[in-house]
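Working through the structure, step by step
The chain contents come next:
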Amino acid sequence: TQGNELTVRIEPENIQISAEVDNPSKSVPVSVETTGELPEGYALNSISANVDEVEVFSTSEVLEGISELETEAIDLSEITESGTIDAQLSLPEGVNVPDMETIEVTVDVEQTRVLEGLTIEEEGLTSGQAVTFVEPDAAEMDITVTGDEADIKELTAEDIRIFIDLSDLEPGEHQVPITIEGP
């Protein structure tokens with residue numbers, strides 16, 4: 001456009017204002033979502049977020065509809081040991097959680113293993129006596145061990161001792177307790 005250039009001075013050059021900025025938020029609990037199943041021989045003791053609640057920010061209308069925040073689903077089929085996993089938060093449209101894209105989730109699993117064909121030792125047998133097993137029908141048995149996967153995966157048959165105490169038994173058929181010793 002055409003115009004004349006004017007030399008003007010505007011006063012005041014700066015102004016100070018104060019405005020109320022509404023940044024609605026609320027704290028909501030976190031739930032851990034899972035998918036799939038643990039591999040065979042493993043059981044889930046617990047799975048939990050390392051934070052109870054997170055503060056979410058959004059418009060008041062969106063916040064009204066949020067009662068909890070979920071993690072992205074953790075695939076249990078990939079878990080074979082206890083530990084901590086970083087899980088993404090599943091944020092609804094228009095919701096944010098500043099400085100927290102992921103949260104730590106603690107997973108506690110235990111492993112179950114069967115140790116087969118362990119020998120049953122005989123203690124306290126008087127000389128001249130012999131033992132015949134009825135049930136089990138041989139001097140060996142299988143045992144199932146369950147516990148922390150770090151301990152169980154190292155366990156071998158040599159770590160376990162199985163025995164029966166035959167002290168003070170008269171000749172005849174007896175039912176005796178089996179004692180199992182291990183780490």
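Report on the accompanying structure.

Criteria and thresholds
- Residues numbered from 1 in each chain as written.
- Predicted model: local features only at pLDDT ≥ 70, side-chain atom pairs only at ≥ 80, totals over all residues.
- Heavy atoms only, no water.
- Helix = DSSP H or I, 4+ residues; strand = E, 2+ residues; numbered from the N terminus.
- Rg over C-alpha atoms; globule rule 2.2 N^0.38 Å.
- Pairing = 2+ DSSP bridges.
- Core = buried A, V, L, I, M, F, W, Y, C linked by side-chain atoms within 4.5 Å.
- Buried < 20%, exposed > 50% of the residue type's maximum accessible area, 1.4 Å probe, protein only.
- Contact = heavy atoms within 4.5 Å.
- Salt bridge = Lys/Arg side-chain N within 4 Å of Asp/Glu carboxyl O.
- Phe/Tyr/Trp six-rings, centres within 6.5 Å; stacked < 30°, edge-to-face > 60°.
- Lys NZ or Arg CZ within 6 Å of the ring centre and 35° of its normal.
- Polar contact = N/O pair within 3.5 Å; in protein donor to acceptor, adjacent residues only side chain to side chain.

What the protein contains, in helices and strands, is two helices and eleven strands. Its helices and strands taken in sequence order, the protein reads β-β-β-β-α-β-β-β-β-β-α-β-β from the N to the C terminus. Taking 2.2 N^0.38 as the reference for a compact globule, 183 residues should give roughly 16 Å; the C-alpha atoms of the protein span a radius of gyration of 34 Å, well beyond that estimate. With the principal axes as the frame, the protein shows a C-alpha extent of 130 × 30 × 25 Å.

Taken together, the two bridges between strand β5 (residues 69-71) and strand β7 (residues 83-90) define a ladder with antiparallel strand orientation. Bridged to E70 within β7 is S90. Here β7 pairs with strand β8 (residues 102-123) via six bridges, running antiparallel. Bridge assignment links I85 to a residue of β8, and that residue is V105.

A separate point is the nonpolar core. In this structure, V54, V56, L69 and I79 are the most contacted members of the largest nonpolar core, which totals 20 residues. Residue assignment for this core shows that the elements contributing at least two residues are β1 (25-31), β4 (53-57), β7 and β8. Looking at which element gives the most residues to this core, the answer is β8, with four residues. With sequence-adjacent residues up to four places away left out, I79 is seen in contact with L38, P39, I74, I85, V107 and V109.

Glancing now at the pattern of salt bridges. Scanning the entire structure with this criterion turns up three salt bridges. We note a salt bridge from E181 to R161, for which the minimum N-O separation is 3.4 Å. In this pair, E181 is assigned in strand β11 (residues 178-181) and R161 in strand β10 (residues 161-165), connecting sequence segments 20 residues apart. In this structure E181 comes out as partly exposed when scored by relative accessible area, which is 38%.

Let's shift gears to the packing of aromatic side chains. Throughout the structure, instances matching the rule amount to zero aromatic pairs. Positioned above the aromatic ring of F163 is the side chain of R161, whose terminal nitrogen or guanidinium carbon lies 4.1 Å from the ring centre.

Along the chain, S58 turns up in the loop between β4 and α1 (60-64). Polar contacts involving the side chain of S58 include one to the main-chain carbonyl oxygen of G94, which spans 2.7 Å. Those residues in contact with S58 that sit more than four places away from it in its chain are P24, L63, G94 and V95.

Our next topic: unusual backbone geometry. Note the cis peptide between E135 and P136, where omega equals 0 degrees. Mapped onto the elements of the fold, P136 is located in the loop between β8 and β9 (140-148).

Checked against the element boundaries, I162 lands in strand β10. Judged by its relative accessible area of 1%, I162 is buried. The sequence separation of I162 and I143 amounts to 19 residues, and the corresponding C-alpha distance is 9.7 Å. Sequence-distant contacts of I162, defined by excluding residues within four places in its chain, comprise L118, T119, I120, E121, M141, I143, I178, T179 and I180.

Okay, the pairing of β1 next. Look at any regular strand and the pattern is simple: side chains alternate between the two faces of the sheet. Where β1 and β4 come together, five bridges link them in antiparallel fashion. Looking at β4, one finds that V28 is bridged to V54. Both β1 and β5 contribute to a ladder of two bridges, which runs parallel. Looking across to β5, one finds that V30 is bridged to L69.

This paragraph deals with the side chain of S31. Take S31: it is sitting in strand β1. Of the polar contacts made by the side chain of S31, one reaches the side chain of E68; its length is 3.4 Å. Those residues within four positions of S31 in sequence are excluded, and the remaining contacts are E68, L69, E70 and T71.

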